[in-house]
Amino acid sequence: NSVILLPALSPSPKVQGTHPDCSIILHFQKQEVECLERIRSENQTPALPGQEGCPTDWDGVSCWPALPLGQSRAVACPDILNVFKKSKGLIQRNCTEWGWSLPRPPYHRACQLEPLGSNDTETKARHFVTMKVLYTCGYSTSLAALLLAIGIFSCFRKLHCTRNSIHIHFFTSFILRGTAVFIKDSILFSDESIDHCTMSTVTCKAAIAFFQYSVLANFYWLLVEGLYLQTLLLLTFTCDRSYTWGYILIGWGVPMVTVGVWVLTRLQYDNHGCWDDYSSLYWWVIKAPILLAIFVNFLIFLNVTRMLAQKIRCPDLSKTHKQQYMRLTKSTLLLIPLFGVHYVVFALFPKHVGVDARLYFELVLGSYQGFLVALLYCFLNGEVQAEIRRNWGKWQRSMESNVFNLATQDFTA
C-alpha cells in the first residue's frame with residue numbers, strides 16, 4: 001500500500017479583531033465550507049469505470065481528498081492547533097472496501113492535545129452557571145440598595161445638596177452598569193444555540209457599547225467624587241454650585257465622547273463580531289481613559305490624605321470641623337483604591353493570565369460594588385441616619401396625635 005503525505009492546510013490569515021477563542025473555530029468552519037464545496041463538485045462529475053475508491057471526506061478537523069481503494073493518506077496536525085502545543089505528528093487514514101478507516105492515531109494523541117472529558121465539560125459548565133448566579137444576586141442586591149439610597153436622598157429635603165446630588169449621579173452609574181449586564185446577558189447568552197463567534201448584529205453591538213459606557217461612567221463619577229472632595233477641602237466647605245455642570249460633563253460627557261469614538265473606530269476599521277473581543281488594539285480607546293481616571297484618582301487620594309493630615313493637625317480647627325472632614329473623606333478614600341487597584345492589575349496582564357481570578361473579581365465581587373457604595377455614602381451616613389430618625393419620630397408623634405384625637409372624638413360623642 002502506498003502512503004500519500006499531504007501538508008496541513010495553512011490557516012487563513014487571522015482577521016484582526018477576531019476573539020482568540022473563536023479564531024480556531026472560524027478556521028475549521030472555513031475549511032469545512034471549502035471541503036464541502038469540493039465534495040459537491042466531485043458529486044457533479046461522473047466517476048469513470050474502474051475508479052473505485054473513497055470520496056473526499058470531512059472528518060470535522062481535516063479534509064481528506066478522494067483516494068483509490070487500498071491506498072493510505074497521511075496529514076499533519078493543523079497549524080492552527082499549534083497555539084496549544086507545537087506538534088509535528090501525522091494522522092493516517094486508509095481507503096478500504098468499507099470506506100475510510102478511523103484516523104490513526106487519534107487527533108488528540110498525534111497533536112499532543114489534552115482530551116476534554118465529559119466530566120471536565122460538566123465541571124466547567126457548573127462553574128460558569130454558579131458564577132452567573134452569584135453575580136446576578138450581586139447586581140440585584142446592588143440595584144435594590146442603590147434605588148433605595150436614591151429614594152432617601154430625594155425624599156428628604158434636608159439632604160438636598162451638591163454633595164448628595166453627586167452621590168445620586170454616582171449611584172445612577174452603578175444602576176446603568178447592572179442594567180447593562182442584564183441586557184448583555186439576555187442578548188448574548190439567553191440562547192445556547194447562538195454562535196458567539198459569528199454573531200454580529202446591531203443589537204449585540206449596541207448592548208456591548210451601552211455596557212462600556214456604563215463602566216466608563218462608573219469610573220468617571222468616582223473621579224468626580226474625588227475631585228469634589230478635594231474641592232471641599234480647598235474651599236473649606238464652601239457650598240459652591242458653579243462646578244456642578246462641570247462635574248456632570250466629566251461624569252457623563254467624557255464617557256459619551258469616548259464610547260462614540262470607539263464605536264466609530266470599530267465601525268470603520270474593525271467591524272467584526274459583537275465587539276466583545278478585548279484582544280483588539282482598538283480596545284485601548286476604552287481602556288486608556290479608564291486607566292487615566294484611576295491614575296488621577298490615585299493622585300487625588302495622595303493629595304487629599306496630605307491635606308487632611310495638615311488640617312487635622314491645625315490647632316485652630318474646631319473638633320466639629322475635624323469630625324466633618326473625617327466623615328466626608330473616609331468613604332471616598334476607601335473607594336478610590338478599592339475600585340481602581342484590581343483594574344490596573346488586570347489591565348497590565350495578558351487576557352489569558354489569571355482568567356478565573358479576573359472573572360471572579362470583575363463579575364462576582366464587582367457586582368456588589370453598588371451595594372458597597374450605597375452602604376458607605378447613604379446607609380452608614382450619620383446625617384442620613386439622623387434625618388431618618390427625626391422624620392420617623394415626627395411620623396410616630398403624628399400618628400399618636402391622630403389616634404388621640406380619634407379617641408377623644410369618640411369619647412365626647
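Cut-off values and rules
- Residues numbered from 1 in each chain as written.
- Predicted model: local features only at pLDDT ≥ 70, side-chain atom pairs only at ≥ 80, totals over all residues.
- Heavy atoms only, no water.
- Helix = DSSP H or I, 4+ residues; strand = E, 2+ residues; numbered from the N terminus.
- Buried < 20%, exposed > 50% of the residue type's maximum accessible area, 1.4 Å probe, protein only.
- Areas by Shrake-Rupley, 256 points an atom, 1.4 Å probe, with all protein chains shown as cover.
- Contact = heavy atoms within 4.5 Å.
- Disulfide = S-S within 2.5 Å.
- Core = buried A, V, L, I, M, F, W, Y, C linked by side-chain atoms within 4.5 Å.
- pLDDT = per-residue confidence, 0-100.
- Expected span 1.5 Å × (residues − 1).
- Polar contact = N/O pair within 3.5 Å; in protein donor to acceptor, adjacent residues only side chain to side chain.

**Quick notes on the overall build of the protein chain**
And then number 1: The helix and strand inventory of the protein chain stands at eleven helices and eight strands.
And then number 2: Of all 413 residues assigned to the protein chain, the portion counted as buried reaches 38%.
And then number 3: When the accessible surface of the protein chain is totalled, it reaches about 23,800 Å², and 64% of it is carbon and sulfur.

**Describing the environment of isoleucine 183**
And then number 1: Locating isoleucine 183 in the fold gives a position in helix H4 (residues 162-188).
And then number 2: Leave out the neighbours within four places in its chain, and isoleucine 183 touches Ala207 and Phe210.

**Concerning the state of the cysteines**
And then number 1: Within the structure shown, the criterion is met by three disulfides.
And then number 2: Across the disulfide, cysteine 35 is cross-linked to cysteine 63 (sulfur-sulfur distance 2.1 Å). Between cysteine 35 and cysteine 63, the disulfide has an S-S torsion of 75° and is therefore right-handed. Taken as a pair, cysteine 35 in helix H1 (residues 20-44) and cysteine 63 in strand S4 (residues 63-64) lie far apart in primary sequence, 28 residues in all.

**Examining the nonpolar core**
And then number 1: Judged by nonpolar contacts, the single largest core of 60 residues is most densely connected at Phe170, Phe171, Leu188, Trp221, Ile286 and Ile290.
And then number 2: Contributing elements (two or more residues each) for this core: helix H3 (118-155), H4, helix H5 (202-235), helix H6 (244-269), helix H7 (284-313) and helix H10 (369-379).
And then number 3: With 19 residues, the single largest contributor to this core is H5.
And then number 4: Among the nonpolar cores identified, the runner-up in size contains eleven residues, and Ile91, Trp100, Ala110 and Cys111 belong to it.

**Let's talk about the confidence of the model for the protein chain**
And then number 1: When pLDDT is averaged along the protein chain, the result is 78, and 71% of the positions lie at 70 or above.
And then number 2: Throughout residues 1-18 the model reports pLDDT below 50, and contacts reaching past four residues in sequence, or to other chains, amount to 46 contacts.

**With respect to H5**
And then number 1: The end-to-end C-alpha distance of H5 is 48 Å, a good match for the 50 Å that 34 residues give at a rise of 1.5 Å each.
And then number 2: For H5, the tally of buried residues reaches 27 of 34 residues, placing the bulk of the element in the interior.

**Topic: the side chain of serine 72**
And then number 1: One can find serine 72 in strand S6 (residues 72-76).
And then number 2: Using a relative accessible area of 4% as the deciding quantity, one classes serine 72 as buried.
And then number 3: Polar side-chain contacts of serine 72 include one of 2.3 Å to the side chain of asparagine 94.

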